[in-house]
Amino acid sequence: MIEPPKSSKLKSGIRVVVEALAQATPVTASLAHLFRFSNPSEMERAVASWRDQVSDALNTHDASLRRLEEKIEPRLRVSENALELMLWLAETSEDGMSTPLNFDALLSAFPETGKETLEEACHELQHLNFASLSATFGHPVRLIRPTYDLFWVFDPISIGTNPTADAAAIAQLMIDDNNMASIPVLHEKLGWPKRRLNPAVARLMPFVSDKRTRTVIQNDYPTMGFVLAAEDRFKLKRFIENVTATKPHLGAVD
């Protein structure tokens, strides 16, 4: 019996990571951990070198990505099971929040993957900073909580949004209008689904002091908003500059 050719899930996963890497601005620490790079700066230099090589060439998008794939694929250090789990977590999240998920849900989603193999994949995600885990007696993994890094890296490919570009657009709105620093007000103005809004809002949190971040316990947003000071506005402006310098067409609110 002749078996039909099957697409390689690992190869497809590598392409997802490569495309996310090509769009990442700036490169996150989690992406650096996916590859044999010692730190994000080294990763950024490798991507910048690739961009320089192809920026003036008349290559198609796919051909350009193949060049990047050939350059970094040998340095990929992630299992096929972990890649599948990353994509599943990104694609099935309903609100883009770092919400814990019961391990039983993973067992149901991956019935052909053994329990121990799935637990190992969970620990791999934790090692890569794409998830945090909770354990109980007799259960090495009871809960898995995806981190926002996972959404920042995989959303451009898995669901077609770009949290980094969205965050830059939101940051500009906040700088222009203090009212937009209230996330419920911002949400009403943009009309985006929470799945798109929340990873972008979380992307801005490192740029605003914890003292000026509204940490109210609730389940709708990563934070209820910010009270921006001069220091925060400066950091947000630099973030916007970094995003638009790499991808000038990104960051427009639609």
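So, a few notes on the structure that sits alongside this text.

Rules of the game
- Going along each chain's sequence as written, the residues are numbered from 1 onward.
- Per-residue local features of the predicted model are confined to residues with pLDDT of at least 70, and side-chain atom pairs are confined, for both listing and counting, to 80 or more; whole-chain, interface and lining totals are unaffected and use all residues.
- Hydrogens and water are ignored here; the side-chain numbers use all heavy atoms of the structure.
- Two strands pair if DSSP finds at least two bridges between them.
- Going along the chain from the N terminus, every DSSP run of H or I of four or more residues is numbered as a helix, and every run of E of two or more is numbered as a strand.
- Given the number of residues in a helix, its expected span is that number minus one, multiplied by 1.5 Å.
- Three labels apply to residues, based on accessible area from a 1.4 Å probe with only protein chains included: buried if under 20% of the type maximum, exposed if over 50%, partly exposed otherwise in between.
- Each axis is a line fitted through C-alpha atoms, taken for helices only over the stretch in contact, and angles between the N-to-C directions span 0 to 180 degrees.
- For classification purposes, an angle smaller than 35 degrees is called roughly parallel, one larger than 145 roughly antiparallel, one from 65 to 115 roughly perpendicular, and anything else oblique.
- Left-handed describes a crossing in which the near helix is turned anticlockwise from the far one by less than a right angle; the clockwise case is right-handed.
- Working rule for contacts: check all heavy atoms of both residues, and any pair within 4.5 Å makes them a contact.
- Only Asp, Glu, Lys and Arg are considered charged in this grouping, and only Ala, Val, Leu, Ile, Met, Phe, Trp, Tyr, Cys and Pro are considered nonpolar; every other residue, Gly among them, is considered polar.

## Points about the sheet that holds strand 1 (residues 101-102)
Spatial strand order, 1-3-2: 3 strands in an open sheet with antiparallel pairing. Taken across any chain shown, the strands that pair with only one partner, and hence form the sheet edges, are strand 1 and strand 2 (131-136).

## Some details on helix 5 (residues 80-92)
Taking 1.5 Å per residue, 13 residues should reach 18 Å; helix 5 reaches 18 Å between its end C-alpha atoms and fits that length. Residues of helix 5 that are buried include every one of Ala82, Leu83, Leu85, Met86, Leu87, Leu89 and Ala90, and no others.

## Some details on unusual backbone geometry
Here the phi dihedral of Asn129 falls at roughly 70°; this positive angle occurs in a residue that is not glycine. By relative accessible area, which is 35% here, Asn129 ends up partly exposed.

## Observations regarding the packing of helix 10 (residues 183-190) against helix 11 (residues 194-204)
Axis separation between helix 10 and helix 11 bottoms out at 11 Å; the angle between their running directions is 135°. Taken together, helix 10 and helix 11 sit at an angle that is classed as oblique. Between helix 10 and helix 11 lies a crossing whose hand is right-handed. Here Ile183, Leu186, His187 and Leu190 of helix 10 come into contact with helix 11, specifically with Lys194, Leu197 and Val201. Looking at the contact of helix 10 with helix 11, its residues break down into 5 nonpolar, 1 polar and 1 charged.

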